[in-house]
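# Geometric and topological summary
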Amino acid sequence: MTMLAPKGLAQEITFTATVDRTSIAAGDQIRLTVTLSNAQERFAPPDLGGLVILAGPQESSSFNLINGRMSSTVSRTWLLTATQPGKYTIGPARVKVGRGTIETDPITIEVSKGSAQSNPSVQRAQQSDPNLFLIVSLSKSKAYVGEQVVASYHLYNRYTNIEAPKSEPPQLNGFWSEELNTDNARWEEKVVNGVGYRVILIKQQLLFPQRAGKLRIEPMTLTCVINRSFFNRGTTVDVRSNAIEFTALPLPPGAPADFNGAVGELALDVQADRTSVKVNEAIEVNVRLSGRSNLKLLDAPQLSFPSDLESYEPKVVDKVTVNAGGMSGSRGFQYTVIPRHEGTYDLGTVGLSYFDPRTESYKRLTSEPLVIEVAPGAAGTVTTTVPSLRTDVVELDSDIRFIGTGDAQLRRKGRTLFGSWPWLAGMSAPALLFLGFIVWDHRRRKRMADPEGMRRQRADKVARKHLQQAAEALKQGTAAPFYAALSKALHGYASDKFNLGVAEVSARLLHERLGASGEGREAADALLRIISECDMARFAPVADRPQAQLYEEAVAVIQRIERIQR
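## Quick look at a nonpolar patch on the surface
There is a patch of nonpolar side chains on the surface, built from Leu432, Phe434, Leu435, Phe437, Ile438 and Trp440 and spanning about 670 Å² of accessible area. Counting through the fold element by element, Trp440 comes out in helix α2 (residues 421-448). Take Trp440: its relative accessible area is 46%, and that puts it in the partly exposed class.

Structure, rendered in structure tokens:
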């Protein structure tokens, strides 16, 4: 767009918008430059028509004076991309010059299909908000009932600072779930349709479908605060993930009679701690299932012991590992068996059937036979079998009471309360309480007259309250509330202890309050360093060391300052 300059100016005013190319593939980049010549007015960026900003604006300016004629140029440049094929129109940019407004011509960009397309769910989320979105994905889209599947929730972010203090977990209908640890997740760089993102795994679950058919994982909601700093409260943004459907395949018909729902890859081991005992000596029979399966959902195998062997309900011993690779390890069942008669007892074999998804067939495991030799017990041992009720003691009735045989605490006839020491204590108690109240009220008024002193005295108590909140967040494994509570505890403690405003907590003032000694300076530096680490972890989720170690150091610093102040 060109406009004649007002009378008295040497050059005409021009306002143009240009791109380096008008045809690209999805994910490729174009450069948009808007240039204003011979005017100093500010201009607004144009409507990009759905194109995504990768970088910019970058501003440049120039001024020339040649043969008495002046000229100036101001340019702004953006780097843009398109995530989907189609036709995009960059609208006109406008600038007000004098009493009029000039604008650039619109530009049409043709975008063809790119050579590599990303996940459709990622593409849809990117179109909705190209700067922040949440994606849930499954390790497989279909599996048998009881087969393990991993659900991962990734947050895609283009903001400088972000934290997520609140989340609403997804609803799982028809799944048994096990939460996986994601504390060690770190930001990673990833490019989606030509747009760069910082991506982090915020949640991961191990799922076991419990019924056949179409199952649905509902969206997860995340409340994020972006671009928060010490002087800026930031902006709250609600992010909602995609929903996802899953197909649970029914197990084939013809399951063996001893099949109890085990799905995966299993091995069976049956052992006794000893095979030669005497009458009434206990034997421990261990049945262990190991492998990669839904171990925590497996029930104990049904074992049939001879009637002369008294047996008890098994004790379950789990050595299970749950991670992104699934659930693996072992589940053991410890049976306690007591032989009541001598002889040789053949316990037979232990069998278990499971379904193997790899071969899509049922398999059966069978242990080796187990034989127990029972020798006679010590002389005089009674070997008659006594039925074991194996129940806790239950109170049958309580209408009969035993006759008390202790001290009845009777008093001699003629003995009264008047004049005794309880009577004297009761009569003098009101006067003593009144005097105590007067002393307490005097001290309270004295403390209230010194607000700074009260603030210093409460510093340690207030800090302990916030530290308790940090400890609870540490137990629950919630990072953002932990760092917020710990930072608040140290900020509040320093400001209360030394009568400072929150914004006045600095190295110089803390060094002055704690004195010039080396120990005081070290304590001040340690306190400020922990606050800095907390703020870094809150506003840009990067943790240099474990949360428990940071918490212990914070407690130690407060105790150290209290000792110095004494």
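## A word on helix α4 (residues 479-497)
Under the 1.5 Å per step criterion, the end-to-end length of α4 is 27 Å for 19 residues, consistent within 8% with the ideal 27 Å. When you tally the buried positions in α4, you get 15 out of 19 residues, the bulk of the element. Downstream of α4 by a residue or two, Asn499 has a phi angle that is positive, lying close to 55°.

## Thoughts on the packing of aromatic side chains
Following the criterion strictly, the structure yields 10 aromatic pairs and no others. Where Phe133 meets Tyr156, the ring centres are 4.8 Å apart and the plane angle is 15°; that geometry is what we call stacked. Of this pair, Phe133 sits in strand β11 (residues 132-138) while Tyr156 sits in strand β13 (residues 149-157), and the two are 23 residues apart along the sequence. Through successive ring pairs, a cluster of aromatic residues spans Tyr144, Phe259, Phe355 and Tyr362. We note Arg198 situated over the ring of Trp187; from NZ or CZ to the ring centre the distance is 4.4 Å.

## A short note on the confidence of the model for the protein chain
Considering every residue of the protein chain, the mean pLDDT works out to 79; 83% of them sit at 70 or more. When the criterion is pLDDT under 50, residues 2-10 qualifies, and its contacts beyond four places in sequence or with other chains add up to 13 contacts. Of the regions scoring below 50 in pLDDT, residues 383-397 engages in 11 contacts with residues more than four places distant in sequence or in other chains.

## Regarding the nonpolar core
Core analysis: the biggest nonpolar cluster contains 31 residues, and Leu266, Val285, Leu347 and Ile372 have the highest contact counts within it. Counting only elements with at least two residues in this core, the list comes to β17 (195-209), β22 (259-272), β24 (283-293), β27 (326-339), β28 (343-348), β29 (351-356) and β31 (370-375). Residue contacts for Ile372: discarding those within four places in its chain leaves Ala272, Arg274, Thr275, Val277, Ile283, Gly343, Thr344, Tyr345 and Leu347. Formed by 30 residues, the second largest nonpolar core is a distinct cluster that contains Ala473, Leu486, Leu514 and Ala524.

## Section: the pattern of salt bridges
On inspection of all chains with the given rule, the structure shows 18 salt bridges. A salt bridge links Arg358 to Asp356; the shortest N-O distance between them is 3.5 Å. Among the ionic pairs, Glu553 bridges to Arg529, the shortest N-O distance being 2.9 Å. Placement of Glu553 in helix α7 (residues 547-565) and of Arg529 in helix α6 (residues 518-539) is noted, with a sequence separation of 24 residues between them. For Arg529, a relative accessible area of 40% corresponds to the partly exposed category. Salt bridges here are not isolated pairs; linked through shared partners, they connect Glu265, Asp356, Arg358 and Lys363.

The rules behind these values
Residues numbered from 1 in each chain as written. Predicted model: local features only at pLDDT ≥ 70, side-chain atom pairs only at ≥ 80, totals over all residues. Heavy atoms only, no water. Patch = residues over 30% accessible without salt bridge, like charges linked within 9 Å, V, L, I, M, F, W, Y side chains within 5 Å. Areas by Shrake-Rupley, 256 points an atom, 1.4 Å probe, with all protein chains shown as cover. Salt bridge = Lys/Arg side-chain N within 4 Å of Asp/Glu carboxyl O. Helix = DSSP H or I, 4+ residues; strand = E, 2+ residues; numbered from the N terminus. Buried < 20%, exposed > 50% of the residue type's maximum accessible area, 1.4 Å probe, protein only. Expected span 1.5 Å × (residues − 1). Phe/Tyr/Trp six-rings, centres within 6.5 Å; stacked < 30°, edge-to-face > 60°. Lys NZ or Arg CZ within 6 Å of the ring centre and 35° of its normal. pLDDT = per-residue confidence, 0-100. Contact = heavy atoms within 4.5 Å. Core = buried A, V, L, I, M, F, W, Y, C linked by side-chain atoms within 4.5 Å.

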